[in-house]
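Residue-level structural notes
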Amino acid sequence: MVEEIIRIDTIDEQGKPPEEEGVEIPYTRINPDTLRNMVAEFVTREWGDEENTLESRIEQVLRQLREHKAKVMYDFRTETWNIVECR
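These remarks concern the structure in this document.

So, how was this worked out
- Residues numbered from 1 in each chain as written.
- Predicted model: local features only at pLDDT ≥ 70, side-chain atom pairs only at ≥ 80, totals over all residues.
- Heavy atoms only, no water.
- Helix = DSSP H or I, 4+ residues; strand = E, 2+ residues; numbered from the N terminus.
- Contact = heavy atoms within 4.5 Å.
- Areas by Shrake-Rupley, 256 points an atom, 1.4 Å probe, with all protein chains shown as cover.
- Core = buried A, V, L, I, M, F, W, Y, C linked by side-chain atoms within 4.5 Å.
- Buried < 20%, exposed > 50% of the residue type's maximum accessible area, 1.4 Å probe, protein only.
- Salt bridge = Lys/Arg side-chain N within 4 Å of Asp/Glu carboxyl O.

1. Considerations on the overall build of the chain
In terms of helices and strands, the chain carries two helices and three strands. N-terminal to C-terminal, the α/β element order of the chain is β-α-α-β-β. Counting contacts in the chain only where the partners sit at least 6 residues apart, residues at least 24 apart contribute 54% of the total. About 6200 Å² of surface is accessible on the chain, with carbon and sulfur atoms providing 49% of the total.

Next comes the structure, spelled out in structure tokens:
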């Protein structure tokens, strides 16, 4: 299985990076059941990969969070959360 780092589009329609108005939420501060549900929602929303099972995609994202390759961000402007690649 090839592991893919989750990539989020970081350029808006005008070709400029979006303004950061959010805060990182440490995944360790999120209830494990809630985190798993968040990751499940994320992978079904962002990943069109039919080769991997939902469970394997969830485990891949959780591993990326543990390895600090991805992080959970809350955007105050849109009042939404997302999982983004660490830079």
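Text resumes after the structure shown.
2. Observations concerning the nonpolar core
Leu35, Val39, Val43, Val61, Leu65, Val72 and Ile83 are the most contacted members of the largest nonpolar core, which has 15 residues in total. Every element with two or more residues in this core is listed here: helix H1 (32–46), helix H2 (54–66) and strand E2 (70–75). Of all the elements, H1 adds the most residues to this core, at six residues. Among all residues touching Val43, those that are not within four sequence positions of it are Leu54, Arg57, Ile58 and Val61.

3. Concerning the pattern of salt bridges
On inspection of all chains with the given rule, the structure shows five salt bridges. The shortest N-O distance in the salt bridge between Arg45 and Glu41 comes to 3.1 Å. Taken together, the residues span about one helical turn, with Arg45 and Glu41 both in helix H1 at a distance of four residues. Using a relative accessible area of 38% as the deciding quantity, one classes Arg45 as partly exposed. One salt bridge connects Glu67 with Lys69, and the closest N-O pair in it is separated by 3.2 Å. Looking at Glu67, the relative accessible area reads 39%, which means it is partly exposed. The structure contains a network of salt bridges with shared partners spanning Arg36, Glu55 and Glu59.

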